[in-house]
Amino acid sequence: MIDLRSDTVTLPSPAMREAMYRAELGDDVMGEDPTVNRLEALAAEMTGKEAALLVVSGTMGNLVSVLSHSRRGEEAILGDQSHIFHFEAGGASALGGVVFHPVATGRFGELDLNGLKNAIRPAATNVHYAPPGVICLESTHNRCGGTILPPTYLQAVRELADAAGIPIHLDGSRIFNAAVALECPVRELTRFADSVQFCLSKGLSAPVGSLVCGSRDFIARARRTRKMVGGGMRQAGIIAAAGIVALTEMVERLAEDHRHARILAEGLVELPGMHLDLDTVQTNLVILGPRAPHPEGPSFAQELARAGVKIGDIGGGRFRAVTHYGIAQADIHEAVRVMQKTWRELRY
Ligand SMILES: *Cc1c(COP(=O)(O)O)cnc(C)c1O
């Protein structure tokens with residue numbers, strides 16, 4: 001089986017298991033797990049922030065970040081295609097009373113700058129508005145197919161945010177994919193945001209964990225918020241040890257995943273009836289689907305699974321294939337062959 005549903009299916013590398021076995025541990029809620037402290041220092045250093053906080057998941061990282069930036073009744077201004085808006089169970093609203101204010105998302109995951117400007121409504125001047133609390137950006141952008149927000153765009157949003165005095169949170173679950181694709185240090189992307197969340201457990205292949213990075217003050221607040229939502233972990237060095245390996249050994253290899261995604265996309269784009277936007281294939285995600293979806297019958301993903309290739313069904317007649325650690329180039333060539341054959345058989 002070639003499993004291209006997600007880069008979250010990656011298993012820890014042998015070096016990670018070894019590091020977990022040998023990890024020096026302590027009680028992290030008391031700040032005494034040396035391995036967690038090392039991971040947090042490393043993450044802060046790499047993202048160019050003062051401090052960092054290990055959390056259970058990307059969802060928890062975004063939740064803790066939004067709740068630490070905004071108060072109940074304030075708005076999180078975010079993309080209408082963003083992960084926070086679509087896939088995080090409405091946590092910031094449900095648990096923190098933060099109001100989601102969605103803004104139209106462009107083809108590459110960018111929020112329309114005019115839309116963003118209009119969404120920032122200074123409450124001081126009008127009793128009708130919920131005041132803005134935080135702007136959330138996403139890069140690489142999940143629903144847009146792993147697209148990258150370029151530094152010029154991040155700078156433009158930074159200027160808007162500064163003019164309004166609002167912090168920016170970057171949902172950078174796959175920000176290392178963006179940095180590797182742009183061939184720049186990740187801090188060149190994270191420097192535009194006040195806080196960033198990134199996942200260890202996607203392309204970086206660690207079993208569990210995300211990091212929130214930001215100023216010392218912000219991380220102190222985030223630490224309290226993490227405790228509040230039940231995210232204080234004790235001997236968390238056991239997972240942090242894998243995270244350190246992820247950050248030191250698994251970043252550069254993401255380029256291989258990007259090459260594989262490109263091979264996959266180019267092998268499929270010319271199939272009859274195929275809708276696949278090659279311009280959005282910038283990292284390790286490929287979104288594809290029939291131009292005119294079949295109204296009934298088995299879906300492409302179901303048929304493919306029978307033939308030995310798993311991809312994700314993301315709804316609306318669209319599918320997602322994700323390249324990752326554990327998928328070799330030969331697997332990609334085999335996947336292309338099986339996908340071409342299955343596609344033709346389904347006569348899209
Ligand atoms: C995966 C993902 C998350 C959530 O991460 P989990 O660890 O699955 O909770 C958040 N944002 C984006 C853009 C993601 O791709």
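Draft legend 1. Structural context of the packing of helix H2 (residues 34–47) against helix H11 (residues 237–249). At a minimum axis separation of 8 Å, H2 and H11 run at an interaxial angle of 30°. Classified by chirality, the crossing of H11 by H2 is left-handed. Taking contact as the criterion, the partners of Thr35, Val36, Arg38, Leu39, Leu42, Ala43 and Met46 in H2 are, on H11, Gly237, Ala240, Ala241, Gly243, Ile244, Leu247 and Thr248.

Draft legend 2. Region of the structure containing the domain arrangement of the protein. Assigned domains of the protein: these are domain 1 (11–249) and domain 2 (253–346). When each unit is reduced to the centre of its C-alpha atoms, the spacing between domain 1 and domain 2 is 28 Å. With 22 residues of domain 1 at the interface, the matching set in domain 2 holds 15 residues. In this assembly, domain 1 packs against domain 2 so that about 1,600 Å² is buried in total across both faces, 51% of it on carbon and sulfur atoms. The interface formed by domain 1 and domain 2 holds two salt bridges in total. In this structure, the salt-bridge partner of Arg107 is Asp277, at a minimum N-O distance of 2.7 Å. Taken together, the links from domain 1 to domain 2 amount to six residue pairs in polar contact (both at pLDDT 80 or more). For the side of domain 1 that touches domain 2, the element with the highest residue contribution is helix H8 (residues 175–182), accounting for five residues.

Draft legend 3. Fine view of the environment of Val322. Mapping Val322 onto the fold places it in strand S13 (residues 318–322). The spacing of Val322 and His141 is 181 residues in sequence and 13 Å in space, taken between C-alpha atoms.

Draft legend 4. Focus on the pairing of strand S8 (residues 210–214). Summarising burial for S8: five of the five residues are buried, a large majority. By the alternation rule, side chains of S8 split into Ser210, Val212 and Gly214 and Leu211 and Cys213, which are all buried. In this structure, strand S2 (residues 51–55) lies alongside S8, joined through five bridges in antiparallel fashion. If you follow Val55 over to S8, its bridge partner there is Ser210. When strand S7 (residues 195–199) meets S8, the two strands line up antiparallel, connected through four bridges. Residue pairing in the sheet places Val196 in a bridge with Cys213 of S8.

Draft legend 5. Molecular detail of the sheet that holds strand S9 (residues 274–275). Taken together, the four strands give an open sheet; going across it, the order is S9-S10-S13-S12, and neighbouring strands pair in antiparallel fashion. With one partner strand each, in any of the chains shown, S9 and strand S12 (312–315) form the two edges of the open sheet. Summarising the sheet, S12 and S13 pair through three bridges and their orientation is antiparallel. Its bridge partner being in S13, Gly315 is matched across the sheet by Arg318.

Draft legend 6. Just the sheet that holds strand S5 (residues 132–138), in detail. Sheet architecture is open: seven strands sit in the order S2-S8-S7-S6-S5-S3-S4, paired in mixed fashion. Each having just a single partner strand, S2 and strand S4 (99–103) make up the two edges of the open sheet. Pairs of neighbouring strands in the sheet enclose a mean axial angle of 20°, with direction left out of account. As judged from the five bridges shared by strand S3 (residues 75–79) and S4, these two strands associate in the parallel manner. Paired with Ala76 across the two strands is Phe100, which belongs to S4. Strand contacts of helix H7 (residues 151–164): S5 and strand S6 (168–171), with the helix running at about 180° to S5, the strand carrying the most contacts.

Draft legend 7. Geometry of helix H10 (residues 216–228). The terminal C-alpha atoms of H10 lie 19 Å apart, and with 13 residues this matches the ideal 18 Å at 1.5 Å per residue to within 8%. Contact partners of the buried residues in H10: H2, S2, helix H3 (58–69), S7 and S8. Gly230 sits one or two positions beyond H10 and adopts a positive phi of about 85°.

Draft legend 8. Fine view of the pairing of S7. Of all five residues in S7, five are buried; the element is thus mostly enclosed. Taking every second residue as pointing to the same face, both faces of S7 are buried, with Ser195, Gln197 and Cys199 on one and Val196 and Phe198 on the other. As defined by bridge partners, S6 adjoins S7 across three bridges and the pair is classed as parallel. What sits directly across from Asp171, in S7, is Gln197.

Draft legend 9. Local environment of the site of the ligand. Neighbouring the ligand are 13 residues, the closest being Gly58, Thr59, Asn142, Asp171 and Lys202. In this structure, Arg174 approaches the ligand through a side-chain N or O atom, which is 3.0 Å from an oxygen atom. The contact in question runs from an oxygen atom of the ligand to an N or O atom on the side chain of Lys202, over 2.7 Å. Ranked by residues supplied to the shell around the ligand, first place goes to H3 with three residues.

Draft legend 10. Quick look at H3. Look at H3: 16 Å from first C-alpha to last across 12 residues, which is about the 16 Å you get at 1.5 Å a residue. With 11 of 12 residues buried, H3 lies mostly within the body of the structure. If you check which residues of H3 are buried, you get Gly58, Met60, Gly61, Asn62, Leu63, Val64, Ser65, Val66, Leu67, Ser68 and His69.

Reading guide: rules and limits
Counting starts from 1 at the beginning of each chain's written sequence and moves along it residue by residue. Owing to the predicted nature of the model, reporting of local features is limited to residues with pLDDT of at least 70; listing and counting of side-chain atom pairs is limited to 80 or more, with chain, interface and lining totals taken over all residues. With hydrogens and water stripped out, all remaining heavy atoms of the structure feed into the side-chain values. Each axis is a line fitted through C-alpha atoms, and for a helix only the stretch in contact is used; angles between axes span 0 to 180 degrees, taken between their N-to-C directions. Put simply, DSSP marks the helices as runs of H or I at least four residues long and the strands as runs of E at least two long, and each gets a number from the N terminus on. Each crossing gets its handedness from the near helix: less than a right angle anticlockwise from the far helix is left-handed, clockwise is right-handed. Throughout, a contact is declared for two residues whenever any of their heavy atoms are within 4.5 Å. Boundaries between domains were set according to an automatic or database domain assignment. Here the quantity called buried area is the accessible surface, traced with a 1.4 Å probe, that two parts lose on coming together, added over both. Put simply, a salt bridge is a Lys or Arg side-chain nitrogen that is within 4 Å of an Asp or Glu carboxyl oxygen. Each polar contact in these results corresponds to two N or O atoms within 3.5 Å; when the atoms are within protein, one needs to be able to donate a hydrogen and the other to accept it, and residues that are neighboring in sequence are counted only if both atoms are side-chain atoms. Burial classes follow relative accessibility: with a 1.4 Å probe on protein chains only, a residue under 20% of its type's maximum area counts as buried, one over 50% as exposed, and anything between as partly exposed. Paired strands, in this sense, are two strands between which DSSP finds at least two bridges. Expected span of a helix, by definition, is 1.5 Å for each gap between consecutive residues, and there is one gap fewer than residues. Any residue with a heavy atom lying within 4 Å of a molecule or strand is counted as near it.

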